[in-house]
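# Summary of structural features
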Amino acid sequence: MSVPLFHNCHLPLRNSVSFVCKHSYSFSKQEQTQKRDGLKFIRGVKLLKDLSTWGIGGPCNHFVQVYNQTQLVSAVRYCHEHCIRFVVIGKGSNCLFDDMGFDGCVILNRIEFLETNEPGIYRVGSGFRFNKLGIKCSNEGFTGLEFAGGIPGTVGGAAYMNAGANGQETADVVDSIDIIKTDGRLQTLSKIDLNFGYRSSSFQYMEDLAAIVAVTFRLHPSGSSQKRLQEYLKRRRVSQPMGERSAGSVFQNPCHLGVAAAELIEKAGLKGFRVGGAMVSNIHANFFINFGGSTSQDMLDLLATVKEKVDQKFGIQLKEEVLYVYPYCDDLNPNRDKLTSHVIFDQGKQES
Ligand SMILES: Cc1cc2nc3c(=O)[nH]c(=O)nc-3n(C[C@H](O)[C@H](O)[C@H](O)COP(=O)(O)OP(=O)(O)OC[C@H]3O[C@@H](n4cnc5c(N)ncnc54)[C@H](O)[C@@H]3O)c2cc1C
């Protein structure tokens, strides 16, 4: 099977900014470490499978962890100066990486601060764990983020994806979001500046986004938030394959048709259906499991097969919720032109 043309195939690379380099770029075979501004850039050895909940993915050419905004700007600037495209990731819990890896720099976001200056107002670093935030806010008697309990991503990933569950979503409680733009400037966007939809946000289409740095949430007091959180967590425990390697729901629910993707997949008789090491969960049909040694191609083939069978049976075309990260910026990628047209900071040097 060829690389699928996901409806949102460009999304993971929207904030994977690249430059037009005159020569072809090849994956590094040797480990090299380069230090700059207190950052350690590791070349060629970091495996993406260790950075994703699916446990799938080959080496990335460059890897760096950032712990604060200054480091994030430095990392982005480094990529710019060296003509390297980059992608910022949180817990990799909504990404399918390729076994080929990523021909660029993976910036792992570890910006994990949390500030509460007023009751119910939480300003949180984008690398803060979303699950932990949901539990903390609910335990402190504030409602709006109970659904985050059990979501294994970061605050930045949740804002980017507009993560949601149980009738709540991230956008409902966003007050403002601080981002770094591709020119290196910090900008604070109010909720009214942003558009959110079902698993979508303005960030997915923002040409000049480098990264989300922090999110301010505005929550309201509630006497029942803890109870609600516990109910949601219990619901997850019985309805989702806990402890398995997954990326949550792989397809969006076709809400306009009033039916869940899981229901369609189950009714198509696909629970337990396997391709190589990838399998449709027997517990939740919209969760696909890496049950042992799944390659990225196994998972892509499973996605494509399930999609095709659901279409054949019900005439409904499912849309992927998970994001596939293209390993290369080449002809396989239909958005190549878009990707190479991004410019970051000022005119960059060509890599030599
Ligand atoms: C067991 C399980 C249960 C899940 N349950 C749910 C659920 O109930 N509801 C739901 O909506 N999702 C769910 N998910 C999916 C996933 O956890 C969410 O989409 C989550 O918000 C992704 O966060 P992340 O940090 O892992 O993002 P990643 O997977 O690391 O990245 C996702 C996208 O966001 C971008 N991104 C991440 N951080 C930043 C940043 N700081 N700046 C700019 N871009 C960024 C990445 O480039 C990428 O394009 C589940 C996943 C699993 C494994």
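Please refer to the structure higher up on the page.
Since the structure is predicted, the reported quantities are computational estimates derived from the model, not experimental observations. (Residues numbered from 1 in each chain as written. Predicted model: local features only at pLDDT ≥ 70, side-chain atom pairs only at ≥ 80, totals over all residues.)

Helix and strand counts for the protein stand at seven helices and 21 strands. Sequence-distant contacts, at least 24 apart, represent 68% of the contacts inside the protein between residues at least 6 apart. (Helix = DSSP H or I, 4+ residues; strand = E, 2+ residues; numbered from the N terminus. Contact = placed C-beta atoms within 7 Å.)

Here Tyr 198 is to be found in the loop between β14 (196-197) and β15 (200-201). Placed 54 residues apart in sequence, Tyr 198 and Gln 252 show a C-alpha to C-alpha distance of 8.4 Å.

So, about the packing of helix α2 (residues 130-139) against helix α4 (residues 225-239). The geometry of α2 relative to α4 is characterised by a closest axis approach of 8 Å and an angle of 145° between their N-to-C directions. Handedness of the crossing formed by α2 with α4: left-handed. Where α2 abuts α4, its residues Gly 134, Ile 135, Ser 138 and Asn 139 lie against Ser 225, Gln 226 and Leu 229. When grouped by side-chain class, the residues that make up the contact of α2 with α4 number two nonpolar, five polar and no charged. (Axes fitted to C-alpha atoms, helices over the stretch in contact; angles between N-to-C directions. Left-handed = near helix turned anticlockwise from the far one by under 90°. Nonpolar A, V, L, I, M, F, W, Y, C, P; charged D, E, K, R; others polar.)

Another aspect to go through is the sheet that holds strand β18 (residues 274-275). Strands sit in the order β18-β19-β20 across an open sheet of three strands; the sheet is antiparallel. Single-partner strands in this sheet number two, and they are β18 and β20 (288-290). In the sheet, β18 pairs with strand β19 (residues 278-280) via two bridges, with the strands oriented antiparallel. Bridge assignment links Arg 274 to a residue of β19, and that residue is Met 279. (Pairing = 2+ DSSP bridges.)

This part takes up the sheet that holds strand β3 (residues 60-66). In space, the five strands of this open sheet follow the order β1-β2-β3-β6-β4, with mixed pairing throughout. Across the chains shown, the open sheet's two edge strands, defined by having one partner strand only, are β1 (32-36) and β4 (86-89). Ignoring strand direction, the axes of neighbouring strands in this sheet form an average angle of 20°.

Residues in contact with the ligand amount to 33 residues; listed here are only the nearest, Gly 90, Gly 153, Gly 156, Gly 157 and Gly 248. For the shell around the ligand, the secondary structure elements donating two or more residues are β4, α3 (155-161), β10 (164-165) and β16 (209-218). In terms of residues, the shell around the ligand owes the most to one element, α3, which gives five residues. Each of domain 1 (11-110 + 324-340) and domain 2 (114-225) gives at least three residues to the shell around the ligand. (Near = placed C-beta within 6 Å. Domains from an automatic or database assignment.)

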